[in-house]
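# Descriptive analysis of the structure
What follows is each chain in one-letter form.
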Amino acid sequence: LEGFETIREPICSRCGYPLPQTGTARDGLLCPPCLSRGPGRAAPLTVRSITLYSRNVREAVLRVKFGGQAPVARSLSHYMTDHYHRFYPADAFQSILPVPLHPTRLREREFNQSILLARPLAARLGIPLDLDAVERVRHTLPQSASTETDRRKNLRGAFRVRRPERVK
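These lines cover the structure that appears in this document, whether it is placed above or below. (Residues numbered from 1 in each chain as written. Predicted model: local features only at pLDDT ≥ 70, side-chain atom pairs only at ≥ 80, totals over all residues. Heavy atoms only, no water.)

## With respect to the packing of aromatic side chains
- For the structure on display, the rule yields four aromatic pairs.
- The interplanar angle of 65° and the centroid separation of 6.5 Å between the aromatic rings of tyrosine 84 and phenylalanine 93 together place this pair among those described as edge-to-face.
- Judged by its relative accessible area of 9%, tyrosine 84 falls in the buried class. (Phe/Tyr/Trp six-rings, centres within 6.5 Å; stacked < 30°, edge-to-face > 60°. Buried < 20%, exposed > 50% of the residue type's maximum accessible area, 1.4 Å probe, protein only.)

## Description of the packing of helix H3 (residues 70-84) against helix H5 (residues 113-125)
- Close contact between H3 and H5 brings their axes to 8 Å; oriented N to C, the two are set at 40°. One finds that H3 runs oblique with respect to H5. The two elements H3 and H5 cross, and the hand of that crossing is right-handed. Across from Ala70, Ala73, Arg74, Leu76, Ser77, His78, Met80, Thr81, Asp82 and Tyr84 in H3, the residues of H5 making contact are Leu116, Leu117, Pro120, Leu121, Arg124 and Leu125. (Axes fitted to C-alpha atoms, helices over the stretch in contact; angles between N-to-C directions. Helix = DSSP H or I, 4+ residues; strand = E, 2+ residues; numbered from the N terminus. Parallel < 35°, antiparallel > 145°, perpendicular 65-115°, else oblique. Left-handed = near helix turned anticlockwise from the far one by under 90°. Contact = heavy atoms within 4.5 Å.)

The structure is reproduced here in structure tokens:
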């Protein structure tokens, strides 16, 4: 976890990217890329990252996804839990929904890295883990080599809510 670039406020109110530290209140400000996109694009639901996707973070994620290193996933999950309260109140969510893998990808990988991250997070925060409210219905290309626009297109129609009463 050494070398992780933990995101601290002030952050962009739209995407959560860190803004320069100035010592003044920066609430509601946007980073340059969000400013350039204009006012039409809404803020993501309450999605926040706790760290920049830098070299050490990327290496840890790849170890989990492609190296099957569950202990690394537990460490990442504990790191997420330790920083959760910086962005969310304790009662902000009713459940944690790990991103489901398509059955084909699950057979290839033999585990879902999102569940490896979510299970300890849910346990430490006391939030129920919901593994069957959402399912992946379409096999998609790997996201790692795609642009933001291609990622959005790639994921369109890839998921279905199975339990609408649990996902509002």
